[in-house]
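An overview of the molecular structure
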Amino acid sequence: TDALPYNAARRMMLHRQVDLMLSARVRQGVAGLLKIKVARAGGDWHVELPEGKQTVAAIDPDGRATRGELSPASAEAVRRGEFLLEASTFDGQLMIAIDGRVELSIPLPDDNSPDVGISRPFSLSAAGSSAEISELRLHRDLYYLSSPPPGRDRAAARAASADQIYVLGDNSPESNDSRHWRAG
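Residues numbered from 1 in each chain as written. Predicted model: local features only at pLDDT ≥ 70, side-chain atom pairs only at ≥ 80, totals over all residues. Heavy atoms only, no water.

**Details of the sheet that holds strand S7 (residues 93-98)**
Operational definition: For two strands to be treated as a pair, DSSP must find at least two bridges joining them. We count a stretch as a helix when DSSP gives it H or I for four or more residues in a row; a strand needs E for two or more, and each element gets its number in order from the N terminus. Helix axes are fitted only over the stretch in contact, all axes being lines through C-alpha atoms; the angle between N-to-C directions runs from 0 to 180 degrees. By definition, residues are in contact when any of their heavy atoms lie within 4.5 Å.
The strand order S8-S7-S6-S1-S10 describes an open sheet built from 5 strands, whose pairing is antiparallel. On the outer flanks of this sheet lie strand S8 (101-107) and strand S10 (131-140), each paired with one strand and no other. Strand-to-strand, the axes of this sheet are offset by a mean angle of 15 degrees, without reference to chain direction. Summarising the sheet, strand S1 (residues 20-28) and S10 pair through 8 bridges and their orientation is antiparallel. Across the sheet, the residue bridging to Ser23 is Arg137, located in S10. Contacting strand S6 (82-88), S7 and S8, helix H1 (residues 72-80) runs over the sheet at an angle of about 115 degrees to S6.

Okay, here's the thing in structure tokens:
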């Protein structure tokens, strides 16, 4: 959600963030299984990347698996045991990439639950092996909401004269920026 520390003191509408990407540099030990859990309002998805195999699998909340063959370069990186892993839920798809190459992309069902956010959207684990994780990052895809929060009109025309500055906040749907300041 937008429940970030800098918003903690503000009384505001929270907006669930579902367009997220986890990226991590992985160094995997001997043969094992790297697992990624992707939490969604409709249930958890699981991604499995077995070391030594040339496949990646995504298992939906009902246990159905979608499998993909790794490209030769990605299979070699997994075999070596050191690679950049990216898992994302951008634009309604679950995408898995290895060293920047998309290896699996499948559509996700709409995640329009009224629940407010998921506090742990991704998790990584290793089974039958060890894994060293570094450069761990969580990215979120920001976008404007289809309807403004109550009392805010984003569509209204704004004009700044030659001696004025227009200041837009970094969280436009909720910002108290110059669009809302009183003259004076």
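**Quick look at the environment of Gly42**
Basically, it comes down to this: Note on classification: 1.4 Å probe, protein chains only; a residue is buried when its accessible area is under 20% of the maximum for its type, exposed when over 50%, partly exposed between these limits.
Within the fold, Gly42 resides in the loop between strand S2 (33-38) and strand S3 (45-50). Classification of Gly42 by relative accessible area gives exposed; the value is 68%. For Gly42 and Pro109, which are 67 residues apart along the polypeptide, the C-alpha to C-alpha distance reads 8.2 Å.

**Considerations on the side chain of Ser23**
Position of Ser23 relative to the elements: it lies in strand S1. Exposure remark for Ser23: the relative accessible area of 6% places this residue in the buried category. The contact partners of Ser23, leaving out residues within four places of it in the chain, are Leu85, Glu86, Glu135, Leu136, Arg137 and His139.

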